[in-house]
Amino acid sequence: MPSYIFGTTRLLRLRDCPLLIAMSKSKPPPPGIYVPTVLFFNEDEDFDIPAIKAHVLRLAQAGLTGIIVQGSNGEAQHLSHEERKQAISLTRETLDENGYKNVVIIAGCGAPSARESKKLCADAKEAGADFVIVLTPSVWVKRMTRDAILAFHREVADHSPLPYLIYNFPSVTAGINLESDVILELSDHPNIVGTKLSCGSIGKLHRLTSAKPSSEFATFAGSSDVLLQGLLSGSAGAIGALPNIVPKLHMNLYKLYQEGKIDEAMNLQAQLGQGDYATSKLGSISAIKALVSQNFGYGKEYVRTPLRMATAEQLHGPYYDKLVEKRVS
């Protein structure tokens, strides 16, 4: 989306003109349940394309609203630019050829510099994504002032050919935790349409949703253990790792919420809370892949170094067993 218009006397930034913003604002992603997919590799660390496509298809068949490609669970930091494009293309191809064209693809496009993030956003558009989601850079933590954060996201959003979500994940951005007023200020940009809050703060989520409804700015909870709590606070849904394993359980809860059956939804939320805790205790993307492989018949637990393969203890302990009990194919 263009960020400027040319007048007779000056160059005008769109965000400085409320009328133009109102006319030009990009639409946020639809509400629902999204999953940052794990990415399957062969033993030589090349893409396991049949497993990647099988996983995308199973998630789509479960009714999920959308898929996040090259997020943290997808080992985006370990992929070349061409591999990142390929991961998006494989996802788009799998969805389209199986009749799931309406499933939304959001591409992770975070990078240490604005220049690289802008290139990744352009690549995502070319490869078939519908939206992008971008982390705040964290290599130079002390230099990431409020003004630097605002400038970075605005610059990348100005140049992104796709609508843009802000990804707030302090655990992977060296502790940088965007405050609600920073996110709200960024939400006025015509191409910034939502955020994923992996900080776990329901208070922050509620501050955002009470200021802007999800029809204007989509605020997503960043984990399954606060899915219902987020929905009750006005969220657009959730983007979490656990639907890699139990997508139908999430969709069942979401349906109960939409039907107003809050007590029943809360019972399922208790299960998701236990499952999300178990996933965090496994502490390994490889363990999630192993569980998928053992229970759904595709893929292996291979990851790219420096990540480590899941250990036997991880794959046979109480937390792993808890997830196996909850799986819904």
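Residues numbered from 1 in each chain as written. Predicted model: local features only at pLDDT ≥ 70, side-chain atom pairs only at ≥ 80, totals over all residues. Heavy atoms only, no water.

I'd love a proper account of the packing of helix α2 (residues 49–61) against helix α3 (residues 81–97), names of residues and values included.
It is the contact of α2 with α3, at a shortest axis distance of 9 Å, that shows an interaxial angle of 50°. In this view, α2 runs oblique relative to α3, as classed from their interaxial angle. In this structure, the crossing between α2 and α3 has a hand that is right-handed. On α3, the residues that touch I49, I52, K53, V56, L57 and A60 of α2 are Q86, L90, T91, E93, T94, L95 and E97. Along the lines of polarity and charge, the residues of the contact of α2 with α3 split into 7 nonpolar, 3 polar and 3 charged. (Axes fitted to C-alpha atoms, helices over the stretch in contact; angles between N-to-C directions. Helix = DSSP H or I, 4+ residues; strand = E, 2+ residues; numbered from the N terminus. Parallel < 35°, antiparallel > 145°, perpendicular 65-115°, else oblique. Left-handed = near helix turned anticlockwise from the far one by under 90°. Contact = heavy atoms within 4.5 Å. Nonpolar A, V, L, I, M, F, W, Y, C, P; charged D, E, K, R; others polar.)

Run through the confidence of the model for the chain, naming residues and quoting values.
Here the chain averages 89 in pLDDT, while 91% of its residues score no lower than 70. Residue range residues 1–23 is modelled with pLDDT below 50. Its contacts to residues more than four positions away, or to other chains, number 36 contacts. (pLDDT = per-residue confidence, 0-100.)

Can you break down empty space enclosed by the protein residue by residue, with the values?
Applying the stated criterion across every chain, the model contains 4 cavities of 30 Å³ or more. In this structure, the largest cavity encloses a volume near 80 Å³. In this structure, the largest cavity is lined by T37, V38, L39, I52, H55, V56, V69, Q70, G74, A87 and T91. Mapped by element, the contributors of at least two residues to the lining of the largest cavity are α2 and α3. Counting residues per element, the lining of the largest cavity draws most heavily on α2, at 3 residues. For the lining of the largest cavity, the per-class residue count stands at 6 nonpolar, 5 polar and no charged. (1 Å grid on protein atoms, 1.4 Å probe; cavity = no way out; pocket = protein on both sides within 12 Å on 5 of 7 lines; lining within 4 Å. Points joined across faces, edges and corners; volume = space filled by probe spheres on them.)

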